[in-house]
Amino acid sequence: MHLPDFKVARSSTKIDYNKINYKLDSKYLNKYKGKKCFLKTYGCQMNEHDSENIKGILELLGFDFTDNIEDADLVLLNTCSIRENAHNKAFGLLGRAKHIKESKRDLMIGLCGCMAQEEIVVNTIMAKYPFVNFVIGTHNFYQLPEILEVSEYKQQIEVYSREGDLIESLPVDRSSKYKAYVNIIYGCDKFCTYCIVPYTRGRQRSREKEDILKEVDNLIKDGYKEVTLLGQNVNAYGKDLYDNYSLAELLEDVAKTNIPRIRFMTSHPWDFTDEMIEVIAKYPNIMPSIHLPVQSGSDRILKLMGRRYTKEKYLTLFHKMKEMIPNCAISTDIIVGFPGETEEDFEETLKLVKECKYDNAYTFIYSPRVGTPAAKLTSNVTKEEKEQRLYKLNEIVNTYFKENNDKLVGKTVPVLVEGISDKKNEYFGYSDTNKLINFTGEDVEIGSIVNVEITTAKTWSLDGKVSK
Ligand code: 5AD
Ligand code: SF4
């Protein structure tokens, strides 16, 4: 048994890790033939991609997948810790699984992902959720076959607080045939004061560039049109591995593979260099769409958040991107109600939003996470004030989504066709700037990139028709 420990996770000493090529012990192959798994994923793209790997492993074990929890022999929750409501949802589903297990005694129930890394969660599971067969951490989910085997008889808690080896060649069942996630860096060293990610995902570890490029080459051979390079802070790529190879060089090398579309997320403004902007501007297959979380527009709050930039520095970077990258769409994340945020601080955020006119924004009420430094700060912002601020912020960001979309009416944009909408004869896909486009056309091939003339703009999507 290994239990999570935030003190260990917080430790700043770098550890050596090995690169290991995953190989399933043949004794597990098809061991669970005929069994069904209900896999529920919460949270970010990293978790979605982990679930693609988990699916790949479970398929080798012989599992089929079901969307109906009542049909499952294994219920597996890949969880998220970023805000309290993600916790509540996962515990809600565990309650449902418990109910099903009362009349289906051999149902296996497991929890993996970020919540598994939290002491408070694991303690609760051990004390109050004896029906959960296993908890497995983010650093060792590839040990699923071994843990599944022994957890039939006794609850297993296998969570490592320090990042382990970097595992290559994991099996994967991707959810799309055209768009793929490719991890480039795991973990985060930024330790923003509100954020639990450095504790649940560990210290920054970059994948070797050769492994990334090989994965992209294989995706091209398999007909993929788009890769999203993933990391909690992709701009830190390479810092732990190379002297002179950063996200700028990696983006350039990936662009040279000629894969039609490259995206990357998430970016931290502090690590965003001019070279990166130049490369994005230079290669047409790097999409002009950047997710650049600002979190707050108040210097005082940014400092308390440990974000390492001022409003002015952020705006300089923002405007440089807009100037240097043609038609660049920028999206952001914003937190309201951080401890001590005054009405003036919030007004600063609104002022920044009015200047940036974001193409998209994910807005959140601050949620204290046990073990993070900000959780110790006292807050004088009431629940009502937080809700009012979020409401006001959303009203303003929404007007800019629409305003930006309006500018596209009459223009033609390239769209990667992902499927047919519920309405017949309508297709949908995403533009170069990552906007959802619903459109009409004849004999449109799913998975191709077509030019679409925009006819109508809405707040969160656009309508159009294939241009001749
Ligand atoms: N409370 C609210 N929002 C948070 N985020 C991260 N931690 C918290 C928290 N404790 C938001 C940030 C981040 C996004 C992924 O989630 O805006 O960029
Ligand atoms: Fe969390 Fe992102 Fe800050 Fe890392 S950079 S601590 S993932 S908010």
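All of the points below concern the structure found in this document.

What counts, and where the lines are drawn
Residues numbered from 1 in each chain as written. Chains lettered and ligands numbered in written order. Predicted model: local features only at pLDDT ≥ 70, side-chain atom pairs only at ≥ 80, totals over all residues. Heavy atoms only, no water. Near = heavy atom within 4 Å. Nonpolar A, V, L, I, M, F, W, Y, C, P; charged D, E, K, R; others polar. Pairing = 2+ DSSP bridges. Helix = DSSP H or I, 4+ residues; strand = E, 2+ residues; numbered from the N terminus. Axes fitted to C-alpha atoms, helices over the stretch in contact; angles between N-to-C directions. Disulfide = S-S within 2.5 Å. Salt bridge = Lys/Arg side-chain N within 4 Å of Asp/Glu carboxyl O. Buried < 20%, exposed > 50% of the residue type's maximum accessible area, 1.4 Å probe, protein only. Core = buried A, V, L, I, M, F, W, Y, C linked by side-chain atoms within 4.5 Å. Contact = heavy atoms within 4.5 Å. 1 Å grid on protein atoms, 1.4 Å probe; cavity = no way out; pocket = protein on both sides within 12 Å on 5 of 7 lines; lining within 4 Å. Points joined across faces, edges and corners; volume = space filled by probe spheres on them. Phe/Tyr/Trp six-rings, centres within 6.5 Å; stacked < 30°, edge-to-face > 60°. Lys NZ or Arg CZ within 6 Å of the ring centre and 35° of its normal.

## As for the site of ligand 2
In the neighbourhood of ligand 2, the contacting residues comprise Cys188, Lys190, Phe191, Cys192, Tyr194, Cys195, Val197, Pro198, Gln232, His268 and Arg307. Per-class residue counts for the shell around ligand 2 are seven nonpolar, two polar and two charged.

## Digging into the sheet that holds strand S18 (residues 426–431)
Spatially, the five strands close up into a barrel ordered S17-S18-S19-S21-S20, and their pairing is mixed. This sheet shows a mean twist of 50 degrees between the axes of neighbouring strands, independent of strand direction. Taken together, the five bridges between strand S20 (residues 449–457) and strand S21 (residues 462–466) define a ladder with antiparallel strand orientation. The residue of S21 that forms the bridge with Glu453 is Lys465.

## Overview of the state of the cysteines
Across all of its chains, the model carries zero disulfides by this definition. The closest cysteine sulfur to the non-disulfide-bonded Cys80 is located on Cys114, 6.2 Å from its own sulfur.

## Concerning the pattern of salt bridges
If you walk through the whole model with that rule in mind, you get 29 salt bridges. Between Glu226 and Arg263 there is a salt bridge whose closest N-O contact spans 3.0 Å. Of this pair, Glu226 sits in strand S12 (residues 226–230) while Arg263 is found in strand S13 (residues 261–265), placing the two residues 37 residues apart along the sequence. The exposure class assigned to Glu226 is buried, which follows from its relative accessible area of 3%. By relative accessible area, which is 6% here, Arg263 ends up buried. Two residues, Lys311 and Glu348, come together in a salt bridge whose shortest N-O distance is 3.1 Å. In this pair, Lys311 sits in helix H11 (residues 311–324) while Glu348 sits in helix H12 (residues 343–356), placing the two residues 37 residues apart along the sequence.

## Some words on the nonpolar core
Core analysis: the biggest nonpolar cluster contains 59 residues, and Leu229, Phe264 and Phe272 have the highest contact counts within it. Aside from chain neighbours lying at most four places away, what touches Phe264 is Thr228, Leu229, Val234, Leu247, Leu251, Phe272, Ile280, Ile286 and Ile290.

## Observations concerning empty space enclosed by the protein
One simple way to see leftover space: roll a probe sized like a water molecule over the atoms. Using the criterion set out here, one finds one cavity of 30 Å³ or more in the structure. Its volume calculated, the largest cavity comes out at about 30 Å³. In terms of lining residues, the largest cavity is bounded by Asp50, Ile54, Asn78, Cys112, Gly113, Thr138, Phe141 and Arg201. Elements with a minimum of two residues in the lining of the largest cavity: helix H2 (45–60) and strand S5 (108–113).

## Quick word on the packing of aromatic side chains
Throughout the structure, instances matching the rule amount to 13 aromatic pairs. When the ring of Phe401 is compared with that of Trp460, the centres are 6.4 Å apart and the planes differ by 65 degrees; the resulting orientation is edge-to-face. Of this pair, Phe401 sits in helix H13 (residues 383–406) while Trp460 sits in the loop between S20 and S21, and the two are 59 residues apart along the sequence. Here Phe401 falls in the buried class, since its relative accessible area comes to 2%. Lying over the aromatic face of Tyr42, Lys40 brings its terminal NZ or CZ to 5.6 Å of the ring centre.

Don't take any of this as a statement about function, it's just geometry.
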